[in-house]
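# Chains, contacts and geometry: an overview
Each chain, letter by letter, is given below.
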Amino acid sequence: MRLISDRERRECDKLKEAMGDWIASNNFTLFGTATYIHPKNVKIEKAHRDASHYVRLLSRRILGKHLVDRKNIYLPMMMFVERGRNRDNTHLHFFTKGYTIKHTKQIITYANDIWQSKIDYALDVVIKDEYEAQRRTYTMKEQLALDDEILCPKACFIPKLS
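Report follows, based on the coordinates. (Residues numbered from 1 in each chain as written. Predicted model: local features only at pLDDT ≥ 70, side-chain atom pairs only at ≥ 80, totals over all residues. Heavy atoms only, no water.)

Bringing the packing of aromatic side chains into the picture now. In total, this model carries seven aromatic pairs according to the counting rule given. Residues Y54 and W115 carry aromatic rings whose centres are separated by 5.3 Å and whose planes lie at 85° to one another, so their mutual orientation is edge-to-face. You can see Y54 sitting in helix α2 (residues 44-63) and its partner W115 sitting in helix α4 (residues 101-118), a full 61 residues away along the chain. For the residue pair Y54 and W115, the accessibility class agrees, reading buried in each case. Seen from their ring centres, Y74 and F157 are 5.8 Å apart, and the 55° between their planes marks the pair as tilted. Highlighted residues: Y74 in the loop between α3 (65-71) and β2 (77-82) and F157 in the segment after α5 (130-133), separated in sequence by 83 residues. For the residue pair Y74 and F157, the accessibility class agrees, reading buried in each case. (Phe/Tyr/Trp six-rings, centres within 6.5 Å; stacked < 30°, edge-to-face > 60°. Helix = DSSP H or I, 4+ residues; strand = E, 2+ residues; numbered from the N terminus. Buried < 20%, exposed > 50% of the residue type's maximum accessible area, 1.4 Å probe, protein only.)

The following block contains the structure:
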């Protein structure tokens, strides 16, 4: 791990706070943690691929493949890949919500099943109510330097406002 300057540390703190405010403004209702059986052996590249694949599968299950495959519409999602304090515990954190209450209930119902059945070396997914968990800045806790890549852009989807 490289040493970072006070200036970079302050910039990281600003970035964490800004991301937390932005996440709060999107009113995500659910916070999830997806873990692996042997997290030490999971490379960061695999975790990023798994994240985007998982979002696609979950969205297809809940919204239907017509919306996902033809109209490119996914569940609202912000996905983060973390490696743990000692860089030996690869796991995913995400914020999501459904477009309807029914979608939100389906996310809670299907999230773990899809993760365990479709992702290699998957352990489980724990979903919490974001209003109770208040985890808006939690996903950025490992943003220790400006070049740390925690956000997984290929697994994020924010719908356009109409």
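Attention now moves to the pairing of strand β1 (residues 30-36). In terms of residue burial, β1 counts as a mostly covered element, since six of its seven residues are buried. The pairing of β1 with strand β3 (residues 91-96) spans six bridges and is antiparallel. Looking at β3, one finds that G32 is bridged to F94. With six bridges joining them, β1 and strand β4 (residues 122-129) adopt antiparallel strand pairing. (Pairing = 2+ DSSP bridges.)

As a further point, take the nonpolar core. One finds Y54, L58, M79, L92, W115 and V125 to be the most contacted residues of the largest nonpolar core, which totals 30 residues. Within the residue set of this core, elements represented by two or more residues are β1, α2, β2, β3, α4 and β4. Residues in contact with Y54, not counting those within four places in the same chain, are M79, F94, A111, N112, I114, W115, I119 and V125. M19, F28, F31 and F80 belong to the second-largest nonpolar core, a separate cluster that totals eight residues. (Core = buried A, V, L, I, M, F, W, Y, C linked by side-chain atoms within 4.5 Å. Contact = heavy atoms within 4.5 Å.)

Looking at the secondary structure, you find K105 in helix α4. You can call K105 exposed: its relative accessible area is 55%. Spatially, the C-alpha atom of K105 lies 9.9 Å from that of I62, the residues being 43 residues apart in sequence.

Our focus in this paragraph is the pattern of salt bridges. Overall, the coordinates contain four salt bridges when judged by the stated rule. The partner of K14 in a salt bridge is E11, and the shortest N-O contact between them spans 3.7 Å. Here E11 and K14 lie together in helix α1 (residues 6-25), a separation of three residues that amounts to about one turn. On the basis of relative accessible area, K14 is assigned to the exposed category, the value being 55%. D69 serves as the salt-bridge partner of R60, at 3.5 Å between the closest nitrogen and oxygen. According to the relative accessible area criterion, R60 is partly exposed, its value standing at 26%. Each of R56, R60 and D69 takes part in one network of salt bridges that share partners. (Salt bridge = Lys/Arg side-chain N within 4 Å of Asp/Glu carboxyl O.)

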